[in-house]
Amino acid sequence: MSNLDDVCRELARANRILAHEDVLDAFGHVSVRHPDDPGRYLLSRSRGPELVQPDDILEFTLDSEPVVPPTRRLYSERVIHGCIYQARPDVHAVVHHHAPSIMPFVIAGVDLVPVFHLGATMGTKAPFWDSRDEFGDTSLLVIKPEEGRSLARALGSHAMVLMRRHGATVVGDNLHQVVFRSIYSARNAEHQWRAHALGGVGPLTAGEASLAAGHNLQPGPIERAWEYWAGRLDKTEALVAAATASQAAARARPTARTTAHKASGRAKRRKKSRR
Ligand SMILES: [Zn+2]
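What counts and how
Residues numbered from 1 in each chain as written. Predicted model: local features only at pLDDT ≥ 70, side-chain atom pairs only at ≥ 80, totals over all residues. Helix = DSSP H or I, 4+ residues; strand = E, 2+ residues; numbered from the N terminus. Buried ≥ 20, exposed ≤ 12 C-beta atoms within 10 Å, placed from the backbone. Contact = placed C-beta atoms within 7 Å. Pairing = 2+ DSSP bridges. Axes fitted to C-alpha atoms, helices over the stretch in contact; angles between N-to-C directions.

Participant: Could you give an account of the environment of Arg40, naming the residues involved and the relevant values?
Facilitator: Counting through the fold element by element, Arg40 comes out in strand β2 (residues 40-44). Judged by C-beta crowding, with 16 C-beta atoms within 10 Å, Arg40 ranks as partly exposed. Considering only alpha carbons, one finds Arg40 and Cys83, 43 residues apart in sequence, at a separation of 11 Å.

Participant: Which residues make up the environment of Arg16, and what are the values?
Facilitator: Residue position: Arg16 is located in helix α1 (residues 3-20). Measuring from C-alpha to C-alpha, the distance between Arg16 and Asp6 comes to 16 Å, with 10 residues separating the pair along the chain. When near neighbours in sequence (up to four residues on either side) are disregarded, Arg16 contacts Pro49, Glu50, Val52 and Leu233.

Participant: Tell me about the sheet that holds β2, and please be specific about residues and values.
Facilitator: Spatially, the seven strands line up as an open sheet ordered β3-β2-β1-β4-β7-β6-β5, and their pairing is mixed. Unpaired on one side and paired on the other, β3 (57-61) and β5 (128-129) mark the two borders of the sheet. Note that strand β4 (residues 93-97) and strand β7 (residues 167-172) share five bridges and pair antiparallel. Counted as the bridge partner of His97 is Ala168 from β7. Sheet contacts for helix α6 (residues 175-198): β1 (29-33), β4, β6 (160-163) and β7; angle to β7, the most-contacted strand, approximately 145°.

Following this line, the structure appears as structure tokens:
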């Protein structure tokens, strides 16, 4: 199996993990820079992330054009990925999502701040981007290249950008890191909101956030978390596969009533033939 096959399999799995952990739902997407060509990236065709399989992964140029003419529908917001890879050569994976815990912050325009050690992986600040500032009334979707470039400018050198009335875009050095950062920044939003409801939010200091992020973004914690999320996903997928197989077997098996009915038909026929 080539490295590219491995990356496509991991990317499909990242889609399903992020859906299973409630960061993605029917919408949102995750991409990774091509392992052999930094001028390309890999992204699924337009599909609910929970359903994405390695065969769904397509290759794009940094202008977000498919390398092979597509036979299947593509994500309309794919320019987010290409524009960020162009603006940030250090970025190797991107997640765009509308996680429920982030939405109150982007609707209210309230700053998201690191409130616990794992949340520090979002960075000390997540800047806002408002499509209204440069583009006025839009569908809110980032579809035009100029919109993607504007979003990438707002992201700057940060790890995450909050998109007013829309969602968030998160970047990372690699796929496992961006999944870690996406899940824990969404959890951070949930904790910040609940702490606020209790009466007060005491965020980490810049020094604490930097030390905590430095610790948690090491391979050890990231791989430990990936193994945990992948294990949870495997269990759910195994349960679904077992339930589907058992339903199929039940449909194929003749029911007791059908068997009894057939047996009585055979008995009647035998009786008739003896007359
Ligand atoms: Zn979106």
